[in-house]
Amino acid sequence: AAPAFVISVVSVVIALAIVYLPRGGAPQPEMVPPVAPSAIIASAEGTPKPLSDLVAMYATPAPTQIPAETLENSAFLGNSLLGSVQRSNLAPECDLFVGTGMNVKTALERSTDTGTVPMVDELNGHAYDRVFTMFGVNELNWPNPGYIVKRYVPLIEAIRERQPNAKLYMISILPLTKGYKSSTGKDMDDVNELNAQLAALCEQQGVTFIDVTDALVDDEGFLPAEASSDGHHLHSAYAQVFIDEVR
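Residues numbered from 1 in each chain as written. Predicted model: local features only at pLDDT ≥ 70, side-chain atom pairs only at ≥ 80, totals over all residues. Heavy atoms only, no water.

**Things to note about the overall build of the protein chain**
Stage number 1. Across its full length, the protein chain carries seven helices and seven strands.
Stage number 2. Within the span of the protein chain, comprising 247 residues, buried residues form 36% of the whole.
Stage number 3. When the accessible area of the protein chain is evaluated, it comes to approximately 14,500 Å², of which 57% is carbon and sulfur surface. (Helix = DSSP H or I, 4+ residues; strand = E, 2+ residues; numbered from the N terminus. Buried < 20%, exposed > 50% of the residue type's maximum accessible area, 1.4 Å probe, protein only. Areas by Shrake-Rupley, 256 points an atom, 1.4 Å probe, with all protein chains shown as cover.)

**What about the pattern of salt bridges?**
Stage number 1. Summed over all chains, the structure comprises six salt bridges.
Stage number 2. Across the pair Arg-247 and Glu-93 runs a salt bridge, and its minimum N-O distance is 2.8 Å. Of this pair, Arg-247 sits in the segment after α7 (236–246) while Glu-93 sits in the loop between α3 (80–87) and β4 (95–98), and the two are 154 residues apart along the sequence.
Stage number 3. Arg-247 sits in the partly exposed class, given a relative accessible area of 36%.
Stage number 4. With relative accessibility at 29%, the residue Glu-93 sits in the partly exposed group.
Stage number 5. Among the ionic pairs, Glu-220 bridges to Lys-178, the shortest N-O distance being 2.9 Å. Of this pair, Glu-220 sits in the loop between α6 (213–216) and α7 while Lys-178 sits in the loop between β6 (167–171) and α5 (188–205), and the two are 42 residues apart along the sequence. Each of the two residues, Glu-220 as well as Lys-178, counts as exposed.
Stage number 6. Through salt bridges with shared partners, one network takes in Glu-93, Asp-244 and Arg-247. (Salt bridge = Lys/Arg side-chain N within 4 Å of Asp/Glu carboxyl O.)

**Here's the deal with the side chain of Ser-172**
Stage number 1. Assignment of secondary structure puts Ser-172 in the loop between β6 and α5.
Stage number 2. By relative accessible area, Ser-172 is classed as buried at 1%.
Stage number 3. Polar contacts involving the side chain of Ser-172 include one to the side chain of Asp-211, which spans 3.4 Å.
Stage number 4. Of the polar contacts made by the side chain of Ser-172, one reaches the backbone nitrogen of Val-212; its length is 3.1 Å.
Stage number 5. Sequence-distant contacts of Ser-172, defined by excluding residues within four places in its chain, comprise Asn-195, Phe-209, Ile-210, Asp-211, Val-212 and Thr-213. (Polar contact = N/O pair within 3.5 Å; in protein donor to acceptor, adjacent residues only side chain to side chain. Contact = heavy atoms within 4.5 Å.)

**Notes on the packing of aromatic side chains**
Stage number 1. As enumerated under the stated definition, the model contains three aromatic pairs in all.
Stage number 2. Between Phe-76 and Phe-132, the aromatic rings sit 4.4 Å apart at their centres with planes inclined by 5°, giving stacked as the arrangement. Of this pair, Phe-76 sits in strand β3 (residues 74–78) while Phe-132 sits in strand β5 (residues 130–134), placing them 56 residues apart in sequence.
Stage number 3. The buried category is assigned to Phe-76, whose relative accessible area is 0%.
Stage number 4. On the numbers, 5.6 Å between centres and 65° between planes, the contact of Trp-142 with Tyr-147 is edge-to-face.
Stage number 5. Given the relative accessible area of 36%, Tyr-147 is considered partly exposed. (Phe/Tyr/Trp six-rings, centres within 6.5 Å; stacked < 30°, edge-to-face > 60°.)

**Remarks on the confidence of the model for the protein chain**
A low pLDDT score tells you not to read the predicted coordinates there in detail.
Stage number 1. Per-residue pLDDT for the protein chain averages 80, and the proportion of residues at 70 or more is 72%.
Stage number 2. Under a pLDDT of 50 for its full length, residues 37–45 has, in the predicted model, 14 contacts with residues more than four places off or in other chains. (pLDDT = per-residue confidence, 0-100.)

**A closer look at the environment of Glu-226**
Stage number 1. With respect to the helices and strands, Glu-226 occurs in the loop between α6 and α7.
Stage number 2. What makes Glu-226 exposed here is its relative accessible area of 55%.
Stage number 3. For the pair formed by Glu-226 and Tyr-238, sequence separation is 12 residues and the distance between their alpha carbons is 9.2 Å.
Stage number 4. Leaving out residues up to four positions away in the same chain, Glu-226 has contacts with His-235 and Tyr-238.
Stage number 5. A distance of 3.3 Å separates a polar atom in the side chain of Glu-226 from a polar atom in the side chain of Tyr-238.

See the structure below:
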């Protein structure tokens, strides 16, 4: 009877082995159902957190966006109005060539306030990405807008000769305070008229015209009285507004 009992037990063990063991003989790992991406995962404190929140928490932040246009490797040619930016060191990343009383004609002939060569020749010896011109207020006393506009052309050509690969920009004539008149009686109306003609010239010459008027004027269309002591040279705070607009 004993052998028969042993045989029965062995048969049961073999049957169980066939049922619960894979064909290769190794035990199967416990099957875990897949977790959907939207599953809720508990935080260390026990508060449920969506998986998307955890991914965002440990994700590498995107790099800070750098402006496409900066003033690095740029040069400015201008009159004493540009000096407001220079004195306050508001554009340290670029080269500012400033001449008191300078105009588009004398920029071809006279040196800057600190230079020894004609202003335009300051562009020699370095390849700039951008060159900005800032003239016009001293030209208001010239005979008429047409004559002024024509005098810009030789300066544009001279700059391109020295900087053939640079992009050229012309900054509008800065606004004047209400009641300000030049020595020949020119005022804000004359500035607006000349700016319109300069914008047309830029379009013809392939120069980018930057009109900073709206950034600097009040509701009446004039430079605010607190922006300047003499009606056109900018105080530091407004010079900052100006250079930010150019940027």
